[in-house]
Amino acid sequence: MTILNYVNETALFQATILVSMSCLIFTLAQRHTDRPQNVLYIVMTISLGLTAFANIIYNCNYGDMAVRRTALNAALASNYLYFVLHGVLPPLLFYYSLSATRSFQRVRTYMHVLYIMPFAVCELLVLLNPFLHLVWDFDDSSVFVRGVALYIVYATGFFYIVLAMRQFMTQWAGTTKKRRLILMISLLIGGLGIAVQLFYPDTNTELFGEAIALMGLMLALEFDEDRLDTETGVYNRSALMQDMESYFGAGRKFYCICVRLTNTEALQRVVGASNTEQVISMVSDYLTSVYHRYMIYRVTQTSFILLDLRGKEGHVRFLSQMIAWKFEEGWEFNGKAIKIQGVIMYAAIPDELKSASDVLLMCESPLPTCESGSILVGDDLRAILYRANLETALHRGLAEHNFRVYYQPVYTPDGRTIYSAESLIRLSDPEFGELFPGDFIPAAERNGMIEQIGEYTLDEVCNFFVSGIPDKLGIRYINVNLSVIQCMSAGFAANVKKIVTAHGVDPSRINFEITETVASLDYNSLDAVIRELKSEGYMFSMEAYGTGYSNMHSIFSLDLDMIKMDRRLLWEAEKGEEGWTVLENSVRLIHELGHEVVVVGVETREQFERTKKLKINWYQGNYFSRPLSRKEIERMAEEVNG
C-alpha cells in the first residue's frame with residue numbers, strides 16, 4: 001500500500017485526531033479544567049484521539065497481517081486498544097451530562113450501579129475476547145469478522161447516548177435555545193455516524209461523527225465566555241439565572257451564600273474610581289481561593305452569590321464565617337491596608353428562598369445598618385426579603401390593578417347622618433394577601449412609587465364622585481391622605497389639578513389630609529402647596545394630631561380647615577382622668593383657634609356618648625361604620641334611596 005493510499009484510507013481517523021486535539025487544546029488554553037464536567041470532557045477528547053490513533057495503526061498493519069508476524073501482533077493490539085478505549089466514551093458522555101446538568105449528586109448509589117453495569121459487561125466481553133472471540137475475530141484469510149457481542153456493544157453505546165440526550169433535554173432547562181440546538185444537532189450527528197458504520201462497516205464514519213459531537217459539546221457547554229464576568233473571571237448574573245432555573249426545575253435542595261460589599265463609594269475615594277474594579281476583583285480572587293470558581297457568580301457590581309449543592313448547613317455556616325473573618329481582618333491593595341466592608345447572608349433553597357427572584361433580592365435589597373463581616377440569616381434575612389418582596393408586590397399591584405380604595409364614612413355630631421368619608425387604599429396581593437396602608441406605604445416611599453399610588457387613589461376618588469354615589473349618601477367631600485414625598489414633589493399641585501379637572505370634579509369636594517409629621521418638615525414649602533390648592537377650592541386637614549412630632553406651630557402656620565385627633569388620645573382618655581384631661585383641653589384649644597374637630601377611632605357607644613360633651617364636629621370609627629368597599633357603599637346608597 002502506497003503512502004498516498006494509506007493517507008486516503010485513514011483520512012477520517014486523521015480528521016478525528018485533529019478535531020479532538022483541537023478541542024483539547026482549546027479547553028486547556030481557556031483553563032476550563034476546574035469543573036468536574038471539564039475533567040470528563042478532557043478524558044473524552046484524549047480517549048477519542050487515542051482510539052483514532054489505534055485505528056490508524058490497525059489500518060497500517062492490516063494488509064500485512066498474513067505475511068508478517070509483527071504486523072499481526074500490532075494489528076491485534078491496536079484493535080484491542082480501540083475497543084477498550086472506544087467502549088469508555090458512551091458512559092463518559094452520560095456522566096458528563098449528569099455533571100453538566102448538576103444532577104450527579106441526585107442520582108442514588110444503586111442507580112449508579114445500574115448505570116455502570118452495561119458498560120462493565122461490554123468491557124468484560126472486550127477483555128475476554130482473545131479467549132472467547134465474541135466481539136470480533138479474524139477468519140483464515142485474516143479478514144475482520146464481527147462477533148455477536150459487538151452488536152451488544154453497539155446497543156449499549158446507543159443506550160448511553162439516549163440517556164445523555166434525555167438528561168440534557170429534561171434537566172438542562174436553564175440554558176439558551178442556541179446552545180441546546182447546537183448540542184442536540186451535534187449529538188445527533190455523532191449518533192448518525194455510529195449508525196452508518198453499524199450498517200456499512202467500510203465507511204469509517206463512527207469516530208469522525210463522535211468528534212463532531214465532542215466539538216458540539218465544546219461549543220454548547222465548554223465554551224462559556226458569554227457566561228463569565230470579564231472583570232473577575234467568575235460567572236455572571238445571566239449564568240446564575242440559567243443555572244438557578246435548572247436547579248429549581250429539577251427540584252434540587254441546596255444553599256445560597258450572598259456576599260455584598262457595602263462601602264464601594266468610600267473605596268472609590270480611597271483607591272480611585274479607576275481602581276475600584278481591581279479591588280472588587282481582589283475580593284473575587286479571595287472567594288475563588290476558598291471555594292469553587294464555577295459555583296461563584298457576580299450578580300451586581302458589589303455582590304456575589306456562592307451556590308453549595310451539597311446542602312449541608314454546617315459547611316455553609318463555616319464558609320460564611322471564613323468570609324466574615326476576612327472582612328474583619330482587612331485587605332491590602334498596592335501595599336496599603338484598606339478597609340473593605342461586607343455583609344454575608346445565606347439561606348436554604350427552596351425552604352427559605354422560593355425562586356431565583358428571591359436570590360436576586362438578597363443581592364439588591366436595602367440592607368439594615370450592621371457591622372462589616374456580619375452574617376444575616378433567619379429572621380434578619382427574612383425581614384430583608386419581606387421588604388424587598390413587598391416592593392415587588394407594589395409594582396405588581398399597579399400593573400395588575402390589585403389596589404382597592406375603601407371609604408369610611410364620617411358622621412355628624414348626632415352619629416346618624418353621613419357627612420363625608422375618608423378614602424383608604426389597600427393592596428390585595430396574591431402572595432401577601434390583604435395589606436393595609438401602614439404595611440406598604442413606607443415601602444412605597446422608599447422605592448419612589450408613592451406618587452403613583454397617590455395619583456391612583458385620587459383618580460379612584462374622582463371616579464367615585466362621577467358615579468353619583470356620594471351624592472346619594474350626602475357625602476360633601478372625601479378625605480384623601482397625602483404622603484411626605486407627595487407633598488414635597490415639585491409637580492404635586494399640577495398633577496392634582498390635572499386629575500381632578502379631567503374628571504370634572506369640583507375641587508371643594510377633595511379634602512387632603514396631611515400628618516403632623518409632614519407638617520413639621522418644611523412649613524414654607526408645604527404652606528405654598530396648601531395656599532396654591534386652596535385658592536382653587538381644595539380643602540386641607542391635619543390628621544393624627546396630638547402625638548408624635550406634633551407642635552402648635554403647624555396649626556398656627558398652615559391654613560387648615562379641620563383637625564383630626566389621633567385615635568390614641570381617645571383610647572388614653574378611657575384609661576384615666578389624666579388622659580381625658582389631655583383630650584378635653586386639646587379639643588378646646590383647637591376650637592378656640594377656629595378649627596373644626598374630628599374624633600377618629602370611635603369603637604364603642606360609651607366613647608361616643610362621653611365625647612359628645614366636648615362638642616365634637618365630626619365622628620369617624622368602626623362604631624358607626626367600618627371602611628367599605630366600592631360595592632358595599634354602592635349597596636348602602638341603594639338602601640338609603642330605597
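Please refer to the structure higher up on the page.
Scope of this entry: the structure provided in the associated data block. Everything quoted here is computed from the prediction, not taken from an experiment.

Each value, and the rule that gives it
- Residues numbered from 1 in each chain as written.
- Predicted model: local features only at pLDDT ≥ 70, side-chain atom pairs only at ≥ 80, totals over all residues.
- Heavy atoms only, no water.
- Helix = DSSP H or I, 4+ residues; strand = E, 2+ residues; numbered from the N terminus.
- Expected span 1.5 Å × (residues − 1).
- Bend = angle between axes of the 7 residues up to and from the residue.
- Buried < 20%, exposed > 50% of the residue type's maximum accessible area, 1.4 Å probe, protein only.
- Contact = heavy atoms within 4.5 Å.
- Phe/Tyr/Trp six-rings, centres within 6.5 Å; stacked < 30°, edge-to-face > 60°.
- Pairing = 2+ DSSP bridges.
- Axes fitted to C-alpha atoms, helices over the stretch in contact; angles between N-to-C directions.
- Salt bridge = Lys/Arg side-chain N within 4 Å of Asp/Glu carboxyl O.
- 1 Å grid on protein atoms, 1.4 Å probe; cavity = no way out; pocket = protein on both sides within 12 Å on 5 of 7 lines; lining within 4 Å.
- Points joined across faces, edges and corners; volume = space filled by probe spheres on them.
- Nonpolar A, V, L, I, M, F, W, Y, C, P; charged D, E, K, R; others polar.
- Patch = residues over 30% accessible without salt bridge, like charges linked within 9 Å, V, L, I, M, F, W, Y side chains within 5 Å.
- Areas by Shrake-Rupley, 256 points an atom, 1.4 Å probe, with all protein chains shown as cover.

### Quick word on helix 6 (residues 109–127)
Here helix 6 spans 26 Å end to end across 19 residues, near enough to the 27 Å set by a 1.5 Å rise per residue. A maximum bend of about 30 degrees is found in helix 6 at Ile 116, where proline Pro 118 lies one to four positions downstream. All buried positions along helix 6 are accounted for by His 112, Tyr 115, Cys 122, Glu 123, Leu 125 and Val 126.

### Topic: the environment of Ser 365
Counting through the fold element by element, Ser 365 comes out in the loop between helix 15 (356–364) and strand 9 (375–376). Classification of Ser 365 as buried rests on a relative accessible area of 1%. With near-sequence residues (within four places) excluded, Ser 365 lies in contact with Arg 260, Ile 384 and Ala 388.

### Points about the packing of aromatic side chains
The geometry of an aromatic ring pair is captured by the separation of the ring centres together with the interplanar angle, meaning the angle of the planes. For the structure on display, the rule yields 28 aromatic pairs. Between Tyr 235 and Tyr 297, the ring centres sit 5.9 Å apart and the planes meet at 35 degrees, which makes this aromatic pair tilted. With Tyr 235 in the loop between helix 10 (206–222) and helix 11 (237–249) and Tyr 297 in strand 4 (residues 296–300), this residue pair connects regions lying 62 residues apart in the sequence. Residue classification places Tyr 235 among the buried residues on the basis of a relative accessible area of 0%. Their ring planes at 40 degrees and their centres at 5.5 Å tell us that Phe 512 and Phe 540 sit as a pair that is tilted. Of the two residues, Phe 512 sits in strand 14 (residues 510–515) while Phe 540 sits in strand 15 (residues 539–545), which places them 28 residues apart along the sequence.

### Description of the sheet that holds strand 9
In sheet architecture, strand pairing relies on hydrogen bonds along the backbone and comes in two forms, parallel and antiparallel. Strands sit in the order 4-5-3-8-9 across an open sheet of five strands; the sheet is mixed. Two strands in the sheet have a free side with no partner beyond their single neighbour: strand 4 and strand 9. Here strand 3 (residues 254–261) runs beside strand 8 (residues 342–349); their pairing, made up of eight bridges, is antiparallel. Counted as the bridge partner of Cys 256 is Ala 347 from strand 8. Where helix 14 (residues 313–329) meets the sheet, its contacts fall on strand 3, strand 5 (303–308), strand 8 and strand 9, and the angle it forms with strand 8 comes to roughly 170 degrees.

### As for the pairing of strand 5
Counting buried residues along strand 5, six of its six residues qualify, which places the element largely inside the surrounding structure. Residues Ser 303, Ile 305 and Leu 307 point to one face of strand 5 and Phe 304, Leu 306 and Asp 308 to the other, with burial holding for every one of them. Sheet topology places strand 3 next to strand 5; six bridges connect them, and they run antiparallel. Among the inter-strand pairings, Ile 257 is bridged to a residue of strand 5, identified as Leu 306.

### Some thoughts on the pattern of salt bridges
Per the counting criterion, the structure on display carries 27 salt bridges. Asp 379 serves as the salt-bridge partner of Arg 382, at 2.5 Å between the closest nitrogen and oxygen. Here Arg 382 and its partner Asp 379 are both found in helix 16 (residues 378–400), three residues apart, which amounts to about one turn of the helix. One salt-bridge network, in which partners are shared between bridges, spans Asp 229, Glu 277 and Arg 298.

### Re the side chain of Ser 541
Following the sequence through the fold, Ser 541 ends up in strand 15. Looking at Ser 541, the relative accessible area reads 0%, which means it is buried. Non-local contacts of Ser 541, meaning those with residues more than four positions away in its chain, are made with Asn 511, Phe 512, Glu 513, Ile 514, Leu 560 and Met 562.

### Digging into the layout of surface pockets
Empty space within the second largest pocket amounts to approximately 890 Å³. Taken together, 38 residues make up the lining of the second largest pocket; nearest its centre are Tyr 82, Phe 144, Gln 197, Pro 201 and Asn 204. Contributing elements (two or more residues each) for the lining of the second largest pocket: helix 3 (36–62), helix 4 (69–86), helix 5 (89–100), helix 6, strand 2 (144–146), helix 8 (148–171), helix 9 (177–199) and helix 10. Top element by residues in the lining of the second largest pocket is helix 8. It accounts for eight residues. The residue makeup of the lining of the second largest pocket, split by class, is 22 nonpolar, ten polar and six charged.

### Thoughts on the environment of Lys 336
With respect to the helices and strands, Lys 336 occurs in strand 7 (residues 336–338). Judged by relative accessible area, which is 60%, Lys 336 ranks as exposed. Measuring from C-alpha to C-alpha, the distance between Lys 336 and Val 271 comes to 9.8 Å, with 65 residues separating the pair along the chain.

### Here's the deal with a nonpolar patch on the surface
A contiguous nonpolar patch, built from Leu 124, Leu 127, Leu 128, Phe 131, Leu 132, Leu 134 and Val 148 and spanning about 670 Å² of accessible area, is present on the exposed surface. The topology assignment puts Leu 124 in helix 6.

### Focus on unusual backbone geometry
Here the residue pair Ile 349 and Pro 350 is connected by a cis peptide bond, since its omega of 5 degrees sits within 30 degrees of zero. Note that Pro 350 resides in the loop between strand 8 and helix 15. The phi angle at His 133 is positive, at roughly 55 degrees, despite the residue not being glycine. Looking at the secondary structure, you find His 133 in the loop between helix 7 (129–132) and strand 1 (136–138). Given the relative accessible area of 38%, His 133 is considered partly exposed.

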